[in-house]
Every structure is written in structure tokens, then in C-alpha cells.
Amino acid sequence: MSDPDFGGLRTAVEDAAVPVPFLTLRDRAARRRRRWLGSAAAGTAAVVVLAVLALPRPGPAPEPALEPTPPPAPPAGQLIDTAFGRTTAYALLGSCEPAGTGCRYELLSSGDEGRSWTRLRSPVPPPAPDDGFSAELLVTGDDDLTVRDPAGDRVHTSTDRGRTFTARALRPGPALDAVPPGLRVEQTWCGGDPCGPSRLVVLDPATGRQSPLRAQPLPRSTLIDVATGDDGRIWVAGPDGDRVVSAVSRDRGRTWRQLPALTGPPVVLLHLVPLPGADAGAYLLTGRRDRSDTVLNVFSDLWRLDGAGWTRVTPRGAPRSALTAVGLSDGELLLTTEEGGTWRTSGRGTRIARDPAGGALAVLRRSGPLLVGWTGAGELLVSADDGRSWEPRPVVVR
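In this text the structure is predicted, and so the values were computed from the model without any measurement.

### As for the overall build of the chain
Right, so step 1: Secondary structure assignment for the chain yields 1 helix and 28 strands.
Right, so step 2: Residues counted as buried form 55% of the 398 residues belonging to the chain.
Right, so step 3: Put simply, of all contacts in the chain between residues at least 6 apart along the chain, 52% involve residues at least 24 apart.
Right, so step 4: Carbon and sulfur atoms make up 53% of the accessible area of the chain, which totals about 16,800 Å².

Structure below.
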């Protein structure tokens, strides 16, 4: 499963000679995404980013151990993205040569939930040394893999678990009445460009077409987030002037019910987090602009969906940022922060505290009953008990 709620702008560039400032990389990647979806959705798009993951530059690779039979060695890159299908897990890594002389992607697959990995041929061409890594993974059906390459305006699809790929150009598609089975809805973003409001769109990897939904529930919002629950419900939220407006669909986007608007200071970031299970509800994290704040993914308020509307439950002592968040089976949240560390809510979101089990996790995803996380150093971990314990799954090619 490739989580649609938090793709993030993975702009890690390893330049051992002159490190490029993170904000510069973020802006470059944002511009690149705006160009891609501008052409793929008739000038109305670029993917919304509600969290930005800054992966650290790795140091020089260690010397290999002098052993008669050395153990399998991990790939030399940073973990960029993961996706879990029904029987197969995929991992995308990125690495650059010393002094920024060349970069490349590595694509891996695992048939045992990440306990061992096999290297696949990456269909994505090497990125420019100072452009970062913008490719991302998507699984449709059971194990069909798509590698989306915004920089190349293409998608690369595989129906044989990554053994072979077919490349297709990204292009606009006709309006859809509802999200087709097996596909997912996502949002477009103009990122401040004068290209109009955001829209809900559906990417069909089999054709490369990105089609807007015919019914657009938030026609005036220029920044939106969308999330799909286990029961197929779709939530969408976005700012509209000094309000945050939202809607929910129970028929795959064919019709929408507007939820009561939230009022208060203007927000610049939103993140919808569905809870697992049927009729389980969702949370909404919002961030307000603060000139004195040094974090990008500012965490200002937390709202819980109760019945027909939202209830503000912002806990005291909450962290200043929220990088990624997942819903838990007990109706709570587990989230990571830019500053480091994992936090867990209690009391239906009204209390929050550091969660020692999460350690140095930077990114969290949900894959069915499993939680998948990885650290800023690229270590992959899996939890089967809502993050109370974690099992390392080293990305080692065997």
C-alpha cells in the first residue's frame, strides 16, 4: 500500500562537497511538481504537500568488513518511499556519488513483509544531482506497482511485481462520476501559482490519465487534503477565506455532504487522518502561519470528527510540528515531528505524550493492520500492535 495522505516532498540530495540548503531543495521540488500536474491536469495542479521530509545526507560508506563470508550489504542510498501490496512490499532508495557527480534510484521488493529484499531494475532515470528525489511508489490491485516520475512527466507500471515495466506519459483524462474500484483519489495543488482552486483527481496507472472528479466539493479552496477510510468514505478539507470547509462522500466521490465550517485564524497546512475500521471517523490537524516559528509543518490545532461535525480537541503540551500521523485502532493518533520523536494521543485526542517505543521514527504509514515506519537514517520498522513495539526490517539485498 502506498499511503496517499502523506507522500511528502522527498528532496534529499547528497552533495558531499557543497550541501544545498534544504529550503532551496524544497522550492525546487515544489516547482517541479507544479510543472508536472500543470500539464497533466490542464493547468490546475501540483501535488499538495502537508509534510516535508528532509532526509539527512549520509556520510562516506564504511569499509567492508574483512570476513571470509561477508553478510549481505544494504544499498548505499536513503529510503525515499515504501509501498505494501497484498503479498509484496516495495522500497525506493536514492543515492548520489561523492561531490554530487551523479545520482540514481534503487528499487527493491520483498515477499516476506520486509524481512529480505531483492533488487529490481529501476525504471526511473537518474535525477540531476541538485534536484532531489521526487519519484514515488503506488500499489493498485493486489501487487501491481506504479513508479510515478513527476520530473519526467511519466508513470512506469508493472503487473508482474516489478520484473518489467511499461512507461506511459502523464496526461489529462475525462471527468469521472466516481472513483473507479482499485484506484485512489488525490488532490492537486497550485502552491501559490495563479492556476485556480485545487481539485480532486484520480490517476489511472494503466493509461497515465489523471481525471478530475465531476463533483468538486470545495470549489474555492486553493489548498486541500483528502483521505479515504477503510470503509471507502472520502473526506476532504481546505481553507476558504478565514474558514476551513470540509465534506464527506460515502459513494466514492459521486455525491458529497458538507460538514460545518471551522472558524479562526487562517491555516496554511491541513492533514486529514482516517481511523482504521468501518465508521471509525477521522482527525484533522491544522497549522497556522507563525512568523516566529522555525518549523515547516507547524501543528496548531487538532479536530476530531464526531457524528456530523468537528470537535476541537487540541491537547495541551502538543509538539510544535506534525510531520506524519496515522490513526490507531483505539481511536487515537501516533505522529512524528520535525524536531524528532514520536507522540501518542489519549482521551480521544485530548491528551498527548511522547511515545518511547517510536524512538527516532521520521515517517509513519499504515498498511492494513500493520504500521510501517522509517527513521531519518533509512531504517525500516514494522509494528503489528499500533506502534507499541517495533520490529526492524533492515533494507538488505539478499
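What follows continues from the structure just given.
### With respect to the state of the cysteines
Right, so step 1: Enumeration according to the criterion identifies 1 disulfide in this entry.
Right, so step 2: Across the disulfide from cysteine 96 sits cysteine 103; the S-S distance is 1.9 Å. Between cysteine 96 and cysteine 103, the S-S torsion sits near 100°, and that sign places the bridge as right-handed.

### Overview of the nonpolar core
Right, so step 1: In this structure, Leu92, Leu107, Leu137, Leu145 and Val147 are the most contacted members of the largest nonpolar core, which totals 17 residues.
Right, so step 2: If we ignore the near neighbours within four places in the chain, the residues touching leucine 145 are Tyr90, Leu107, Leu137, Leu138, Val139, His156, Thr157, Ser158 and Phe165.
Right, so step 3: The next biggest cluster of nonpolar side chains, apart from the first, holds 16 residues, and it includes Ala227, Trp235, Leu259 and Trp310.

### Some remarks on the pairing of strand 18 (residues 282-288)
A regular strand places its side chains so that they alternate between the two faces of the sheet.
Right, so step 1: Among the 7 residues in strand 18, 6 count as buried, and that is most of the element.
Right, so step 2: With 7 bridges connecting them, strand 17 (residues 267-274) and strand 18 associate as antiparallel partners. By the bridge assignment, leucine 272 is partnered in strand 18 with leucine 284.

### Re the pattern of salt bridges
Right, so step 1: One pass over the full model with this rule turns up 23 salt bridges.
Right, so step 2: In this structure, glutamate 106 engages arginine 119 in a salt bridge whose closest nitrogen and oxygen atoms are separated by 2.9 Å. Here the residue glutamate 106 occupies a position in strand 3 (residues 103-110), and arginine 119 occupies one in strand 4 (residues 118-120), the gap between them amounting to 13 residues.
Right, so step 3: A relative accessible area of 43% means that arginine 119 is categorised as partly exposed.
Right, so step 4: The shortest N-O distance in the salt bridge between aspartate 306 and arginine 348 comes to 2.9 Å. Taken together, the positions of aspartate 306 in strand 19 (residues 301-306) and arginine 348 in the loop between strand 23 (342-346) and strand 24 (351-354) put the pair 42 residues apart, joining distant regions of the chain.
Right, so step 5: What makes aspartate 306 partly exposed here is its relative accessible area of 25%.
Right, so step 6: Beyond isolated ion pairs, a larger network of salt bridges with shared partners links Glu136, Arg148, Arg184 and Glu186.

Rules of the game
Residues numbered from 1 in each chain as written. Predicted model: local features only at pLDDT ≥ 70, side-chain atom pairs only at ≥ 80, totals over all residues. Heavy atoms only, no water. Helix = DSSP H or I, 4+ residues; strand = E, 2+ residues; numbered from the N terminus. Buried < 20%, exposed > 50% of the residue type's maximum accessible area, 1.4 Å probe, protein only. Contact = heavy atoms within 4.5 Å. Areas by Shrake-Rupley, 256 points an atom, 1.4 Å probe, with all protein chains shown as cover. Disulfide = S-S within 2.5 Å. Core = buried A, V, L, I, M, F, W, Y, C linked by side-chain atoms within 4.5 Å. Pairing = 2+ DSSP bridges. Salt bridge = Lys/Arg side-chain N within 4 Å of Asp/Glu carboxyl O.

In short, geometric facts, not functional conclusions.
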